[in-house]
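Reading the structure
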Amino acid sequence: MKNKLIILFAVVAFVIAMPFIGNNSVDVKNPHKLDIDGNFILYDWHHKGFVEGERTGENPEWDYNLKPVQVSKRVWCFFGAMEMPTKDNAGDMSNSCYIQGNDSWIAWDSGPSYIFAKQAHAAMKKIKDMPVKTVIVSHEHDDHWLGNNYYTETQGATVYGPRSINVNYLGYDEETQKKKADTREIPAQTRMIRALYQNAIRQTKLVPVKKSFHHTTNFTLHGVKMEYVKVGYAHSEEDWFLYLPDDKVVLVADVVMNGRVTSNRDGIVIGQINAINAIKSRDWNYLVPGHGFITDKTAADEATQYFALLKDRVLEAMDDEVIADDITRYVTLDEFRDKDLYYVLSPGNVFRSYEELEMFDEDDIIDYGQKEEEDD
Ligand SMILES: [Zn+2]
């Protein structure tokens with residue numbers, strides 16, 4: 001009995017002492033505002049008294065642990081986690097690629113932060129020590145382009161990308177593409193800048209796109225032939241994909257995802273279907289999605305099926321006079337239940353499609369001709 005009591009006391013004493021074991025002298029003013037490394041989270045600086053210098057921290061950089069995967073002869077990609085952006089993945093949840101040119105790497109989507117881009121470039125230099133003189137961006141979502149300022153600042157790179165980045169994030173005029181008088185009191189922010197730990201997001205700045213186009217454009221950069229294809233309003237307000245005809249590779253970003261359910265929060269179903277048709281009208285052997293690991297000829301199959309089912313089932317529900325409030329119970333995409341993020345994103349996609357498809361017109365679907373069928 002006595003022994004048991006002693007053991008019990010020892011256990012209680014240990015539990016009470018636990019927070020102090022190995023903890024030497026901590027002086028914290030706002031403990032709820034510290035991240036795991038004791039850094040202030042950048043969100044704290046998102047206020048009127050913003051001071052530029054406060055953005056820097058001195059603890060070691062976040063290690064993204066980046067491993068390039070070779071997709072084709074000239075293309076390597078970094079594949080991100082199948083998750084929403086969190087502090088734990090530091091925004092590394094989308095795919096970004098490097099294309100080997102004759103005198104420079106070309107970056108396709110630069111990832112979620114300056115530090116990500118810097119580490120990606122360091123990994124690629126081990127394959128071939130070349131600068132990055134050109135960055136090409138797919139769309140405005142911040143997991144795809146916040147690494148741009150690493151390339152502009154350290155490589156003198158030119159950024160090609162959608163005009164929507166300049167308009168929506170940097171206060172540019174849509175027509176003239178000139179910066180409007182900035183009336184903002186705080187620097188431009190994105191969800192990534194607000195959410196990530198300081199040692200992952202520091203040094204990240206929003207820089208404008210330098211070269212943008214109104215329509216699909218062909219160019220040769222650093223010896224590589226490319227078609228930069230505009231698909232317009234699809235997954236976001238302005239989506240583009242990159243086709244490398246000599247390599248038979250297509251880098252499509254978020255108009256195609258696989259292994260997970262897409263987020264159509266900013267997108268439209270009909271735009272998505274048109275984008276996928278445009279992709280299918282090119283001749284390719286490898287496709288790199290914005291999220292997901294499948295890159296062979298089946299890479300677009302899930303997205304094709306998802307949007308076709310979404311459109312058909314929502315239209316059918318409308319015929320059955322299902323009201324908006326019931327639509328997410330009535331239309332489920334059970335075929336995708338085992339995919340990542342199904343429960344987080346699929347109901348939202350259904351609801352959003354309901355709003356969109358009330359205005360549906362069959363003529364909105366563009367027929368690009370099915371390249372694949374000739375090949376098979
Ligand atoms: Zn996106």
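It should be noted that the structure appears before, not after, this text.
Now for a look at the structure at hand. Since the model is a prediction, treat every value here as computed from it, not as a measurement.

**Some remarks on the overall build of the chain**
Each helix and strand counted, the chain has 11 helices and 11 strands in total. Taking as baseline every contact in the chain between residues at least 6 positions apart, the subset at least 24 positions apart corresponds to 69%. When the accessible surface of the chain is totalled, it reaches about 18500 Å², and 52% of it is carbon and sulfur.

**As for the coordination of the zinc ion**
In the first shell of the zinc ion, the protein supplies His139 (NE2), His141 (ND1), His235 (NE2) and Asp254 (OD), at 2.2 Å from the metal. Taken together, the 4 donor atoms coordinating the zinc ion span angles of 87 to 177° at the metal, a pattern that classifies the geometry as irregular. Note on His139: relative accessible area 0%, which makes it buried.

**Let's talk about helix α10 (residues 342-357)**
Helix length check: α10 (16 residues) gives 21 Å between terminal C-alpha atoms against 22 Å at 1.5 Å per residue, within 8%. Structurally, α10 contributes buried residues whose contacts are with α7 (269-280), α8 (301-319) and α9 (327-330).

**A short note on the packing of aromatic side chains**
Within a pair of aromatic rings, the relevant descriptors are the distance that separates the centres and the angle that separates the planes. Applying the stated criterion across every chain, the model contains 20 aromatic pairs. Taking 5.5 Å as the distance between ring centres and 85° as the angle between the ring planes, the aromatic pair formed by Tyr114 and Tyr150 counts as edge-to-face. Highlighted residues: Tyr114 in helix α2 (residues 114-125) and Tyr150 in helix α3 (residues 148-155), separated in sequence by 36 residues. Each member of the pair Tyr114 and Tyr150 is classed as buried. Ring pairing ties together the aromatic residues Tyr64, Trp76, Phe78, Tyr98, Trp105, Tyr114, Phe116, Tyr150 and Tyr151, which thus form one cluster.

**Points about the pattern of salt bridges**
Tallied over the entire structure, the rule returns 13 salt bridges. In this structure, Glu61 and Lys118 form a salt bridge, with 2.5 Å as the shortest nitrogen-oxygen distance. Note that Glu61 is positioned in the loop between α1 (2-17) and β1 (69-70) and Lys118 in helix α2, a separation of 57 residues in sequence. For Glu61, a relative accessible area of 28% gives the class partly exposed. Across the salt bridge formed by Glu335 and Arg313, the nearest N and O atoms sit 2.7 Å from each other. In this pair, Glu335 is assigned in the loop between α9 and α10 and Arg313 in helix α8, connecting sequence segments 22 residues apart. It is possible to trace a salt-bridge network through shared partners that takes in Asp142, Asp143 and Arg191.

**Side note on the side chain of Asp239**
Position of Asp239 among the secondary structure elements: in strand β9 (residues 239-244). Arg352 is the oppositely charged side chain nearest to the buried, salt-bridge-free Asp239, at an N-O distance of 10 Å. At 2.8 Å, the side chain of Asp239 and the backbone nitrogen of His235 are in polar contact. Apart from the residues within four sequence positions on either side, Asp239 is in contact with Ser138, His139, Val229, Lys230, Val231, Gly232, Ala234 and Val255.

**Quick word on unusual backbone geometry**
In this structure, Asp109 is a non-glycine residue whose phi angle is positive, near 60°. On the accessibility criterion, Asp109 (2% relative accessible area) is buried. Notably, Lys248 is not glycine yet its phi reads approximately 50°, a positive angle. Structurally, Lys248 is set in the loop between β9 and β10 (249-257).

**Notes on the environment of Gln272**
Position of Gln272 among the secondary structure elements: in helix α7. Its relative accessible area of 0% is what places Gln272 among the buried residues. Along the chain, Gln272 and Val255 lie 17 residues apart, while their C-alpha atoms are 6.3 Å from each other. When neighbours within four sequence positions are excluded, Gln272 is seen to be in contact with Ala234, His235, Asp254, Val255, Asn264 and Phe307.

**A few points about the packing of α7 against α8**
At a minimum axis distance of 10 Å, the contact between α7 and α8 shows a crossing angle of 145°. Considering how the two elements wind past one another, α7 and α8 form a crossing that is left-handed. Taken together, the residues of α8 that come into contact with α7 (itself represented by Val269, Ile270, Gln272, Ile273, Ile276 and Lys280) are Ala303, Thr304, Phe307, Leu310 and Lys311. For the contact of α7 with α8, the residue count by class is 7 nonpolar, 2 polar and 2 charged.

**What about the environment of Arg74?**
Locating Arg74 in the fold gives a position in the loop between β1 and β2 (75-78). Note: C-alpha distance between Arg74 and Val249 (175 residues apart in sequence) is 9.5 Å. Once you skip the residues sitting within four places of it in the chain, Arg74 turns out to touch Tyr98, Ile99, Gln100, Gly223, Val224, Asp246 and Asp247.

**What about α7?**
Given 3.6 residues per turn, any residue in an α-helix points the same way as the ones three and four places further on. Its 12 residues place the ends of α7 17 Å apart at the C-alpha level, agreeing with the 16 Å of an ideal helix rising 1.5 Å per residue. By the criterion of burial, α7 is predominantly enclosed, with 12 of the 12 residues buried. Along α7, the positions that sit buried rather than exposed are Val269, Ile270, Gly271, Gln272, Ile273, Asn274, Ala275, Ile276, Asn277, Ala278, Ile279 and Lys280.

**Details of the packing of α8 against α10**
Relative to each other, α8 and α10 sit at 60°, their axes nearing to 10 Å. The orientation of α8 relative to α10 falls into the category oblique. Between α8 and α10 lies a crossing of right-handed hand. Contacts between α8 and α10 pair Tyr306, Leu310, Lys311, Val314, Leu315 and Met318 from the former with Ser346, Asn349, Val350, Ser353, Tyr354 and Leu357 from the latter. Its residues placed into classes, the contact of α8 with α10 shows 8 nonpolar, 3 polar and 1 charged.

Here is what the cut-offs are and how they apply
Residues numbered from 1 in each chain as written. Predicted model: local features only at pLDDT ≥ 70, side-chain atom pairs only at ≥ 80, totals over all residues. Heavy atoms only, no water. Helix = DSSP H or I, 4+ residues; strand = E, 2+ residues; numbered from the N terminus. Contact = heavy atoms within 4.5 Å. Areas by Shrake-Rupley, 256 points an atom, 1.4 Å probe, with all protein chains shown as cover. Donors = N, O, S within 2.8 Å, 3.2 Å for Na, K, Ca; no water. Tetrahedral: all angles 85-135°; square planar, octahedral: opposite > 155°, others 65-115°. Buried < 20%, exposed > 50% of the residue type's maximum accessible area, 1.4 Å probe, protein only. Expected span 1.5 Å × (residues − 1). Phe/Tyr/Trp six-rings, centres within 6.5 Å; stacked < 30°, edge-to-face > 60°. Salt bridge = Lys/Arg side-chain N within 4 Å of Asp/Glu carboxyl O. Lys, Arg positive; Asp, Glu negative; His and termini not counted. Polar contact = N/O pair within 3.5 Å; in protein donor to acceptor, adjacent residues only side chain to side chain. Axes fitted to C-alpha atoms, helices over the stretch in contact; angles between N-to-C directions. Left-handed = near helix turned anticlockwise from the far one by under 90°. Nonpolar A, V, L, I, M, F, W, Y, C, P; charged D, E, K, R; others polar. Parallel < 35°, antiparallel > 145°, perpendicular 65-115°, else oblique.

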